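# Chains, contacts and geometry: an overview
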Amino acid sequence: MINSGKLKGRMVEKGISQQEAAKILGIKQPTFSQKCNGSRDFKAGEVKKLVELLDIADEDVVKYFFA
């Protein structure tokens, strides 16, 4: 299960909006929002892109996406 508060907080720290992140992932903003809120799952490739975009350390990935 995703830690939505941690993910959203990191997005704020990095100045990335949901709209921007959705565009980078190639999905619509409402879909991104659903994934952030845990009602839909992120695909492995999307997690990888978000980790790179948000500069999340490898050892911290579990804290964001598998909490």
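What this report covers is the structure whose coordinates are included nearby.

## Quick notes on unusual backbone geometry
A negative phi angle is the norm for most residues apart from glycine, just as the trans form is the norm for most peptide bonds. Of note, the phi angle at D55 is positive, near 55°, even though the residue is not glycine. With respect to the element layout, D55 can be found in the loop between α4 (44-53) and α5 (61-65). The exposed category is assigned to D55, whose relative accessible area is 52%.

## As for the packing of aromatic side chains
Under the criterion given, the structure shown has three aromatic pairs. Centroid distance F32 to F42: 5.8 Å. Interplanar angle 70°. Geometry classified as edge-to-face. With F32 in helix α3 (residues 29-36) and F42 in the loop between α3 and α4, this pair connects stretches of sequence that are 10 residues apart. Owing to a relative accessible area of 0%, F32 belongs among the buried residues under this scheme. On the accessibility criterion, F42 (14% relative accessible area) is buried. Aromatic side chains F42 and F65 sit 6.0 Å apart centroid to centroid with 90° between the ring planes, which places their arrangement in the edge-to-face category. In this pair, F42 is assigned in the loop between α3 and α4 and F65 in helix α5, connecting sequence segments 23 residues apart. Relative accessible area serves as the criterion here: at 6%, F65 is assigned to the buried category. By the ring-pair criterion, three or more aromatic residues cluster together here, those being F32, F42, Y64 and F65.

## Comments concerning α3
Every α-helix carries 3.6 residues per turn, so stepping three or four residues along brings you back to the same face. Those residues of α3 not exposed but buried are T31, F32, K35 and C36. Down the axis, α3 shows its buried residues gathered within 140° of arc, on one side only. Taken from the residues just after α3, G38 is the one with a positive phi, measuring 85°.

## Observations regarding the environment of L53
Mapped onto the fold, L53 is located in helix α4. Considered as a pair, L53 and I24 are 29 residues apart in the sequence and their alpha carbons are 8.7 Å apart. Setting aside chain neighbours within four positions, we find L53 in contact with I16, A21 and I24.

## Concerning helix α1 (residues 4-14)
Of the positions making up α1, those classed as buried are L7, R10 and M11. Considered in projection along α1, the buried side chains sweep an arc of 100° and stay on one side of the axis. Opposite the packed face of α1, turned more than 90 degrees from it, sit the exposed residues G5, V12 and E13. Residues of α1 that are buried make contact with α2 (18-25), α3 and α5.

Parameters and conventions
Residues numbered from 1 in each chain as written. Predicted model: local features only at pLDDT ≥ 70, side-chain atom pairs only at ≥ 80, totals over all residues. Heavy atoms only, no water. Helix = DSSP H or I, 4+ residues; strand = E, 2+ residues; numbered from the N terminus. Buried < 20%, exposed > 50% of the residue type's maximum accessible area, 1.4 Å probe, protein only. Phe/Tyr/Trp six-rings, centres within 6.5 Å; stacked < 30°, edge-to-face > 60°. Arc of directions from axis to C-beta. Contact = heavy atoms within 4.5 Å.

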